[in-house]
There are 2 protein chains.
Amino acid sequence: MTDVMIHGDRSLPIYVQLENLVRDKIDSGDWAPGIMLPSERQLCDTYGIARMTVRQAISNLVAEGLLTRTQGRGTFVARPRLRQPLSKLTSFTEDMRDRGLLGSTRLLMQEQMAASPEIAAVLAIAVGAPVLQIQRLRSANGHPMALETSTLRGDITAPLRHEDLEHQSLYRLLEERCGVRMLRASQELEAGIAGEAEARLLEVAPGAPVLRIQRRSLVLWQGQEVLCEYVRSTYRSDRYRFYVELER
Amino acid sequence: MTDVMIHGDRSLPIYVQLENLVRDKIDSGDWAPGIMLPSERQLCDTYGIARMTVRQAISNLVAEGLLTRTQGRGTFVARPRLRQPLSKLTSFTEDMRDRGLLGSTRLLMQEQMAASPEIAAVLAIAVGAPVLQIQRLRSANGHPMALETSTLRGDITAPLRHEDLEHQSLYRLLEERCGVRMLRASQELEAGIAGEAEARLLEVAPGAPVLRIQRRSLVLWQGQEVLCEYVRSTYRSDRYRFYVELER
DNA sequence: GACACGAATAGGTATAGACCAGTAGCTGCA
DNA sequence: TGCAGCTACTGGTCTATACCTATTCGTGTC
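Cut-offs applied
- The numbering scheme is per chain: residues are counted from 1 as the chain's sequence reads.
- Chains and ligands are labelled sequentially in the order written, the chains with letters from A and the ligands with numbers from 1.
- The predicted nature of this model means local features are confined to residues of pLDDT at least 70 and side-chain atom pairs, given and counted, to a pLDDT of 80 or more, with totals for whole chains, interfaces and linings taken over all residues.
- Values shown for side chains rest on all heavy atoms present in the structure; no hydrogens or waters enter the calculation.
- Here's how the labels work: a residue is buried when its accessible area is under 20% of the maximum for its type, exposed when over 50%, partly exposed in between, all with a 1.4 Å probe on protein chains only.
- The helix and strand labels rest on DSSP assignments: H or I over at least four residues marks a helix, E over at least two residues marks a strand, and numbering proceeds from the N terminus.
- A pair of strands counts as paired when DSSP detects no fewer than two bridges linking them.
- In what follows, residue pairs with any heavy atoms lying within 4.5 Å of each other are defined as contacts.
- Helix axes are fitted to C-alpha atoms over the stretch in contact, other axes to C-alpha atoms as well, and angles between N-to-C directions run from 0 to 180 degrees.
- Where each domain begins and ends is defined by an automated method or by a domain database.
- Buried area is understood as the total, over both parts, of accessible area removed when two parts are fitted together, assessed with a 1.4 Å probe.
- The term salt bridge refers to a side-chain nitrogen of Lys or Arg lying within 4 Å of a carboxyl oxygen of Asp or Glu.
- Counted as a polar contact is a pair of N or O atoms within 3.5 Å, where, for protein atoms, one must be capable of donating a hydrogen and the other of accepting one, and residues adjacent in sequence contribute only when both atoms are in side chains.
- Three classes are used: nonpolar for Ala, Val, Leu, Ile, Met, Phe, Trp, Tyr, Cys and Pro, charged for Asp, Glu, Lys and Arg, and polar for all others, with Gly counted as polar.

A. Representation of the pairing of strand 4 (residues 130–140) of chain A within the structure. All names here are of chain A. Counting buried residues in strand 4 gives nine out of eleven residues, a clear majority hidden from the surface. The sheet contact formed by strand 3 (residues 103–114) and strand 4 spans eleven bridges and is antiparallel. Looking at strand 4, one finds that Ser 104 is bridged to Ser 139. Counting the residues in the hairpin turn of strand 4 and strand 5 (residues 143–153) gives two residues, including Asn 141, whose phi is positive at 50 degrees.

Shown next as structure tokens:
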């Protein structure tokens, strides 16, 4: 990914642009865990922005747990936590990063369509209402990990109609382009057997065990809590375990 | 509490002093939930400090959840919200009840043994230390649902040595007899294929998909947080789905 | 070789001022 | 009366600068 020009897009605050830039460097593996970032003053010079602005971006990323910093030493890319303290709603890429893996995506299908009765029921919209359906093959370190079919409300995702969804985080686009804030999701997990087509894409034998996950995501959109996304994923069970922490 | 003079104590950063001051006002009930704080510029004047310094203090308190703010409206004392745990640590019987089913149990094995190296590693105890191992077939409405092998620390569960574990809740006995309080557990879920023995007990065909769950339970015992239990369960995937709620 | 010291450099705190962007209430016109 | 638009707030973003403190490492002394 080429460097996003800071100041290039006046619609986003500079500190947000810098955050995204750093996130991209980390997601792409360009900045590996443990690596020291350029110093704050260096970043100011590089991008021609004030130090307080740099600090705002860095502070947010530190709060997110993506970076750590020590006075006198520097700012570093955090080593992925082995265990997430709580059950967090994450994107595939974030999930892989937490596991110390590099996530990548192949877009298999991206289509604007009319909601089927089933989809309409799940998303609580009218039958025939526009939805955006995306099918993606998710890989970790280059090896197939999961097959994912997402269906999103068409009205909310209208700005993404002609967006490249292969190389960008869908959740990031939703938040940045659609004015959506991800809130929470409910997931159901069950075991299954890989079908013919799935098996071929996931590069496993037909009949191999897979973990099927259904997710319904609730977002804040135009001040309202609405169901926005329904995802059906099929994970290779030899490569993926779902981890969750429960409290009494 | 009397107002702490900002600048009075040079040993603490001004923004920290302001944070404490606001916290005190809220704790003392002086500023009730829902009340609007003085505007940032007003706080600058009142305490003779810069707006960026005020903002740093306020931002930290917002991140803490103590305050909320809206552009154009102001900064407000947050209404304390009771957070219900997203995922609850439950016993099998409780889980079934939540699903509207009647859980029952058949005890297959109950044995005091010495910890194998694997078990010792998981429970963080010495190899050869005493453990209590229980294998139970769990049913819902009379139909087999899961096969469960629990391994518990022998020293903690000593009072249960000759207890009837077929008709009593293990978690209840742990709390009532062993002076243990269940705290939380981490679980890992994966898909698998039923083996011969499993299939026979679960009354499914060998090779049927199953959901395998590993649980490590943390308890409070004699004032210490300790790992007490390690459970491996195999659930029929045609009857059981795991449900979890995630937050962003 | 061991250690004290200081320079260079990292992030941490704080200032003062500027302008942008939402919100709400007031004013005055239709 | 109803409402469009103005205005005086609010927090949001950003700059430029200054000095503090912690870390690191090289230098020089003993």
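B. Region of interest: the side chain of Ser233(A). Of note, Ser233(A) is situated in strand 8 (residues 224–236). Setting aside anything within four residues of it in sequence, one finds Ser233(A) in contact with Leu147(A), Glu148(A), Leu211(A), Arg212(A) and Ile213(A).

C. Region of the structure containing the sheet that holds strand 5 of chain A. Strand order in the open sheet formed by seven strands is 3(A)-4(A)-5(A)-8(A)-7(A)-6(A)-9(B), with antiparallel pairing between adjacent strands. A single partner strand is all that each edge strand has here, and the edge strands are strand 3 of chain A together with strand 9 (242–247) of chain B. Averaged over all adjacent pairs, the angle separating strand axes in this sheet is 20 degrees, with direction ignored. Examined bridge by bridge, strand 6 (residues 180–193) of chain A and strand 7 (residues 209–221) of chain A share 13 bridges and lie antiparallel to one another. Across the sheet, the residue bridging to Glu190(A) is Arg212(A), located in strand 7 of chain A.

D. Looking closely at the domain arrangement of chain A. Residue and element names in this part refer to chain A. Partitioning chain A into domains gives domain 1 (14–77) and domain 2 (92–236). Each of domain 1 and domain 2 has a C-alpha centre, and the two are 29 Å apart. Counting from both sides, the interface comprises eight residues of domain 1 and, opposite them, five residues of domain 2. When domain 1 packs against domain 2, the two sides together hide about 530 Å² of surface, and 43% of this comes from carbon and sulfur. The largest contributions to the domain 1 side of the interface with domain 2 come from Asn 20, Asp 27 and Leu 66, which together make up 68% of the buried area. We note a salt bridge from Asp 24 to Arg 172, for which the minimum N-O separation is 3.3 Å. Between domain 1 and domain 2 we count two residue pairs in polar contact (both at pLDDT 80 or more) in total. The residue makeup of the side of domain 1 that touches domain 2, split by class, is two nonpolar, three polar and three charged.

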